[in-house]
Amino acid sequence: MFYETEKNDHGLARPPFKSCVVPRPIGWLSTLSADGTANLAPYSQFTNLTFDPPYVLVSINQGSQSQRKDTTVNIEETGEFVYNMVTYDLREALNITAAGFPPEVDEFEMAGLTKEPSVLVKPPRVRESPIQFECRYVQTIRLPGEGRVGTADIIIGKVVGVHIKDEFITKDGKIDILKIRPLARLGYSDYTYVDNAFEIKPSELAGKSPDLAFGLEGATGSMPKE
């Protein structure tokens, strides 16, 4: 099939677009309002941008009444946020925090989650999460859209601190993703989680350039000499 997005003439019972880019990492973002109220909300249009230094990006669509989301407002007003990795075991708590609570409601309390103090930023972390990034706000790109919710705020943040629970680090210094079972977003109301992994080494056609491994590993600092 083929359809033009402006005509939206796909003819299917359910919109297919979001199911065509999967799985998507979930940015479970904790913030503080200007008056100190904690907020926690999940966003599936989330990714890392680069690694030296590390930056992340989240795209937050505006609400059903064409208002900007609390997460967007909090990040711009305070300049800080925290990314918390979501796991399969945290799926029910995640679902609660996805609800459209008023700004004065603390989603940590609603979902029964524990606030853990951050080191370099003020927003708390989710103690139950295995990995968290402390982030400082860099900029917002306002992307105009159609309808009440189409417009999005694309927020870029610089990662200034990373927390990884020791129990999820293997003896050879890798993160044990299969033990963590990270949750990821599909389309519709569907989710998945990582329960298998395999390695593909760089093709011999790519040669043995050290900068290839440098980029694949996401190392930081000076590029190694050949």
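In short, a report on the structure. (Residues numbered from 1 in each chain as written. Predicted model: local features only at pLDDT ≥ 70, side-chain atom pairs only at ≥ 80, totals over all residues. Heavy atoms only, no water.)

### Things to note about the packing of aromatic side chains
Under the convention used in this document: The aromatic pairing rule takes the rings of Phe, Tyr and Trp, using the six-membered ring of Trp, and pairs them if the centres are within 6.5 Å, calling planes under 30 degrees apart stacked, those over 60 edge-to-face and the rest tilted. Counting from the N terminus, the helices are DSSP H or I runs at least four residues long and the strands are E runs at least two residues long. The cut-offs for exposure are 20% and 50% of the maximum accessible area for each residue type, with area from a 1.4 Å probe on protein chains only; residues under the lower value are buried, those over the upper are exposed, and the others partly exposed. For a lysine, the NZ atom is tested; for an arginine, the CZ atom; a charge sits over a ring if that atom is within 6 Å of the ring centre and within 35 degrees of the ring normal.
This model, assessed by the stated rule, comprises 3 aromatic pairs. A ring pair is formed by Phe 46 and Tyr 83, whose centres lie 4.9 Å apart and whose planes are at 15°; its orientation type is stacked. You can see Phe 46 sitting in strand E4 (residues 46-51) and its partner Tyr 83 sitting in strand E6 (residues 80-84), a full 37 residues away along the chain. The same class applies to Phe 46 and to Tyr 83, which are both buried. Taken together, a centroid distance of 5.0 Å and an interplanar angle of 50° make the contact between Tyr 83 and Phe 133 tilted. Here Tyr 83, found in strand E6, pairs with Phe 133, found in strand E9 (residues 131-143); they are 50 residues apart in sequence, far enough to count as distant. We classify Tyr 83 as buried; its relative accessible area is 7%. Taken together, the ring pairs connect Phe 46, Tyr 83 and Phe 133 into an aromatic cluster. The cationic tip of Arg 181 hangs over the ring face of Tyr 193; the distance from NZ or CZ to the ring centre is 5.5 Å. One cation-aromatic arrangement involves Arg 185 over Tyr 191; the distance from NZ or CZ to the ring centre is 4.7 Å.

### Some words on the pairing of strand E2 (residues 27-32)
As a reminder of what qualifies: Pairing between strands is defined by DSSP: at least two bridges between the two strands are required.
In terms of residue burial, E2 counts as a mostly covered element, since 6 of its 6 residues are buried. Alternating positions in E2 separate into two faces, Gly 27, Leu 29 and Thr 31 on one and Trp 28, Ser 30 and Leu 32 on the other, with burial throughout. Strand direction decides the pairing type here: E2 and strand E3 (residues 38-43), joined by 6 bridges, are antiparallel. Its bridge partner being in E3, Ser 30 is matched across the sheet by Leu 40. Where E2 hands over to E3, the hairpin turn is made up of 5 residues, of which Gly 36 adopts a positive phi near 95°. In this sheet, E6 lies alongside E2 in antiparallel orientation, the contact comprising 3 bridges. Looking at E6, one finds that Leu 29 is bridged to Tyr 83.

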